[in-house]
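Report on the structure
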Amino acid sequence: MTPSRLGLVALLVTLVVDQASKLWLYLGTDLVLTQPWRIAPFAEFLVVWNRGVSYGMFQQEGGIGRWVLVGVSCLAALGLSLWMRRAESRLLAVALGLVAGGALGNAIDRAAYGAVFDFVHLHWRSWSWYVFNIADAAIVAGVVGLILDSLRPAPRSTGSEL
């Protein structure tokens, strides 16, 4: 499979799993009424509506801010997808697909609900991490992939490019 096709698969899987998990938890369960759901000693599901960006920064209460974030997310996903089509390594293509798929998943939430549906809460004793979703996790994994790809040695030049 070519890198760009593999990246497209990563994008689509991220988008489908993210949206399916959110729809199931929001519409298919009573999580909203019975939260939190303890799923492990260090993890629980609970509903948080994030009107901002990562870690709740830049909270948007008005309609204009919401649509600006939707537009920025869609433009970022488009730019990343164009980059992904030119990617020569599978790691780079998958990383870009994860970030683009996560951006689109959260943009869909903002467009549909006015906020992003976050539901995974990790904690240990007094330590607590931000509440996040599958799209957020994919974006983080994609950024890690981008960093790892940037640290790989460049392919050796044959000298014929001159």
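For the structure, see preceding data.
Throughout what follows, the structure given in this document is the object of discussion. Nothing here was measured: the structure is a model prediction, and the numbers come from that model.

**Here's the deal with the overall build of the protein chain**
Each helix and strand counted, the protein chain has five helices and four strands in total. Taking all 162 residues of the protein chain together, the buried fraction comes to 40%. Excluding contacts between residues fewer than 6 apart, the proportion of contacts in the protein chain whose partners are at least 24 apart in sequence is 66%. Per element, the accessible surface of the protein chain, about 9,800 Å² overall, is 68% carbon and sulfur.

**What to know about the pattern of salt bridges**
Throughout the structure, instances matching the rule amount to three salt bridges. In this structure, D109 and K22 form a salt bridge, with 2.8 Å as the shortest nitrogen-oxygen distance. In this pair, D109 sits in helix α4 (residues 90-113) while K22 sits in helix α1 (residues 3-27), placing the two residues 87 residues apart along the sequence. Among the ionic pairs, D149 bridges to R152, the shortest N-O distance being 3.6 Å. One salt-bridge network, in which partners are shared between bridges, spans D18, K22 and D109.

**Describing the pairing of strand β3 (residues 116-124)**
For β3, the tally of buried residues reaches seven of nine residues, placing the bulk of the element in the interior. As judged from the six bridges shared by strand β2 (residues 43-50) and β3, these two strands associate in the antiparallel manner. Following the sheet pairing, N50 is matched in β3 by V116. Taken together, the two bridges between β3 and strand β4 (residues 127-128) define a ladder with antiparallel strand orientation. Of the residues in β4, the one forming a bridge with H123 is S128. What sits between β3 and β4 in their antiparallel hairpin is a turn of two residues, with R125 showing a positive phi close to 50°.

**A few points about the sheet that holds β4**
Spatial ordering of the open sheet is given by β1-β2-β3-β4, a layout of four strands whose pairing is antiparallel. Looking at strand neighbours, the two that pair on one side only are β1 (37-40) and β4, the edges of this open sheet. Sheet contacts for α1: β1, β2 and β3; angle to β3, the most-contacted strand, approximately 90°.

**A word on the packing of aromatic side chains**
This model, assessed by the stated rule, comprises nine aromatic pairs. With 5.4 Å between their ring centres and 75° between their planes, W129 and Y130 make a pair best called edge-to-face. In this structure Y130 comes out as partly exposed when scored by relative accessible area, which is 43%.

**Here's the deal with the nonpolar core**
L11, A77, L80, M84, A87, L92, A93, L96, V99, A100 and A103 form the largest nonpolar core, which has eleven residues in total. Among the secondary structure elements, those contributing two or more residues to this core are α3 (63-86) and α4. Looking at this core element by element, the count peaks at six residues for α4. Those residues in contact with A77 that lie beyond four places of it in its chain are A100, A103 and L104. Judged by nonpolar contacts, the second largest core, of eight residues, contains L31, F45, F117 and F132.

Here is what the cut-offs are and how they apply
- Each chain has its residues counted from 1, running along the sequence as written.
- The predicted nature of this model means local features are confined to residues of pLDDT at least 70 and side-chain atom pairs, given and counted, to a pLDDT of 80 or more, with totals for whole chains, interfaces and linings taken over all residues.
- Based on all heavy atoms of the structure, the side-chain values leave hydrogens and waters out of the count.
- In this description a helix means any DSSP run of H or I spanning at least four residues, a strand means any run of E spanning at least two, and both kinds are numbered starting from the N terminus.
- Whether a residue is buried, partly exposed or exposed follows from its accessible area with a 1.4 Å probe, protein chains only, as a fraction of its type maximum: under 20%, in between, or over 50%, in that order.
- When checking whether two residues touch, look at their non-hydrogen atoms; a contact exists if any pair is within 4.5 Å.
- Areas reported here follow the Shrake-Rupley algorithm with a probe of radius 1.4 Å; residue values treat only the protein chains shown as occluding.
- Put simply, a salt bridge is a Lys or Arg side-chain nitrogen that is within 4 Å of an Asp or Glu carboxyl oxygen.
- Following DSSP output, two strands are said to pair if at least two bridges run between them.
- Lines fitted to C-alpha atoms define the axes, with helix axes restricted to the stretch in contact, and inter-axis angles between N-to-C directions lie between 0 and 180 degrees.
- Note on ring pairs: Phe, Tyr and Trp rings are taken, using the six-membered ring of Trp, and paired if centres are within 6.5 Å. Classes follow the plane angle, with under 30 degrees stacked, over 60 edge-to-face and the rest tilted.
- For our purposes a nonpolar core is just a set of buried Ala, Val, Leu, Ile, Met, Phe, Trp, Tyr and Cys residues, chained together by side-chain atoms within 4.5 Å.

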